[in-house]
Amino acid sequence: MGKERNARWYDEVYASASSLYAADAVATPWYGIWLMAVFWLNGLRPQRIVDFGCGVGHLAQMISVGPNLRDVDYLGIDFSHVALTKARERAPESTFRCVDLSRHPVVDETREPGGLCVVSCEFLEHVEDDLRILAALVPGVSFFGSVPKRDDPGHVRWFANEQLVRDRYEPLFTNFELFPVGRRHFVFIGCRA
Ligand SMILES: C[S@@+](CC[C@H](N)C(=O)[O-])C[C@H]1O[C@@H](n2cnc3c(N)ncnc32)[C@H](O)[C@@H]1O
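All of the points below concern the structure found in this document.

Cut-offs used in this document
- Residues numbered from 1 in each chain as written.
- Predicted model: local features only at pLDDT ≥ 70, side-chain atom pairs only at ≥ 80, totals over all residues.
- Near = placed C-beta within 6 Å.
- Nonpolar A, V, L, I, M, F, W, Y, C, P; charged D, E, K, R; others polar.
- Pairing = 2+ DSSP bridges.
- Helix = DSSP H or I, 4+ residues; strand = E, 2+ residues; numbered from the N terminus.
- Axes fitted to C-alpha atoms, helices over the stretch in contact; angles between N-to-C directions.
- Contact = placed C-beta atoms within 7 Å.
- Buried ≥ 20, exposed ≤ 12 C-beta atoms within 10 Å, placed from the backbone.
- Core = buried A, V, L, I, M, F, W, Y, C linked by C-beta atoms within 7 Å.

Here we look at the site of the ligand
- The full set close to the ligand counts 18 residues, and Tyr10, Gly53, Gly55, Phe79 and Cys121 are the nearest of them.
- A per-class count over the shell around the ligand returns nine nonpolar, six polar and three charged.

In structure tokens form, the structure reads like this:
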């Protein structure tokens, strides 16, 4: 099992030229997840999107070029300065903020649920405090998350089957739905209870 890493560790990963994250979205293993997130967002037509652990801005870019979502207020949160510099280059119209979500799980923009969708692709497994971060979301907010089926040096947990994902996250949500995605991921959606 991996372990929780600090921002400097992610800065080094993202600064490496060989990082998969340097590629265009479509050339990465996470493209399907981001497509699902965009599909879900298109259906909900939010006024505001907050992206926890936004990384280098692939999802922000996909949101900003989509015809239905490009005018939505998007805020990407991450604690890696290198990630955020790359995200600002990739999605210059979007807003990004450097926050350690383990230390500051409450983001001001998520205090009001109206018109808000919170997205978090491949972030929750990187923090010990995932449940505290989700518990801090205001009731009624719509949430999209993805978690891995595999271990990685930065993963503090991974999920061998659907039941393990349900056991951990379903109690926090109403209208919880879970989707296995290929060999690598689970996606879940729900409304914070
Ligand atoms: C595997 S990456 C996923 C990035 C992006 N969501 C994606 O789908 O490509 C995990 C991200 O979580 C960020 N992260 C890890 N711990 C964090 C924390 N405590 N607060 C904020 N961001 C954190 C890392 O910097 C990294 O960008």
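Points about the sheet that holds strand β7 (residues 185-192)
- One open sheet accounts for seven strands, arranged β3-β2-β1-β4-β5-β7-β6; its pairing is mixed. Strand pairing shows two members of the sheet lacking a second neighbour, β3 (95-98) and β6 (173-181), which therefore form its edges. Across the sheet, the mean angle separating the axes of adjacent strands is 15 degrees when strand polarity is ignored.
- One ladder, built from five bridges, connects strand β1 (residues 48-52) with strand β2 (residues 73-78); its direction is parallel. Bridged to Arg48 within β2 is Asp73.
- Strands in contact with helix α6 (residues 162-169) are β5 (142-148), β6 and β7; relative to β6, the strand with the most contacts, it is inclined by about 155 degrees.

A few points about the environment of Phe186
- As for its placement among the helices and strands, Phe186 is situated in strand β7.
- Looking at Phe186, the number of C-beta atoms within 10 Å reads 22, which means it is buried.
- In this structure, the C-alpha to C-alpha distance between Phe186 and Lys149, residues 37 residues apart in sequence, is 7.1 Å.
- Among residues more than four places away in sequence, those in contact with Phe186 are Ser146, Val147, Lys149, Phe159, Glu162, Val165, Leu178, Phe179, Pro180 and Val181.

Quick notes on the nonpolar core
- Membership of the largest hydrophobic core comes to 47 residues, with the highest contact counts inside it found for Ala37, Leu59, Ala87, Val118, Val119 and Cys121.
- The biggest single contributor to this core is strand β4 (residues 116-121), with five residues.
- Ignoring sequence-local partners within four residues, the contact set of Val118 consists of Val50, Phe52, Thr110, Leu137, Val141 and Phe143.

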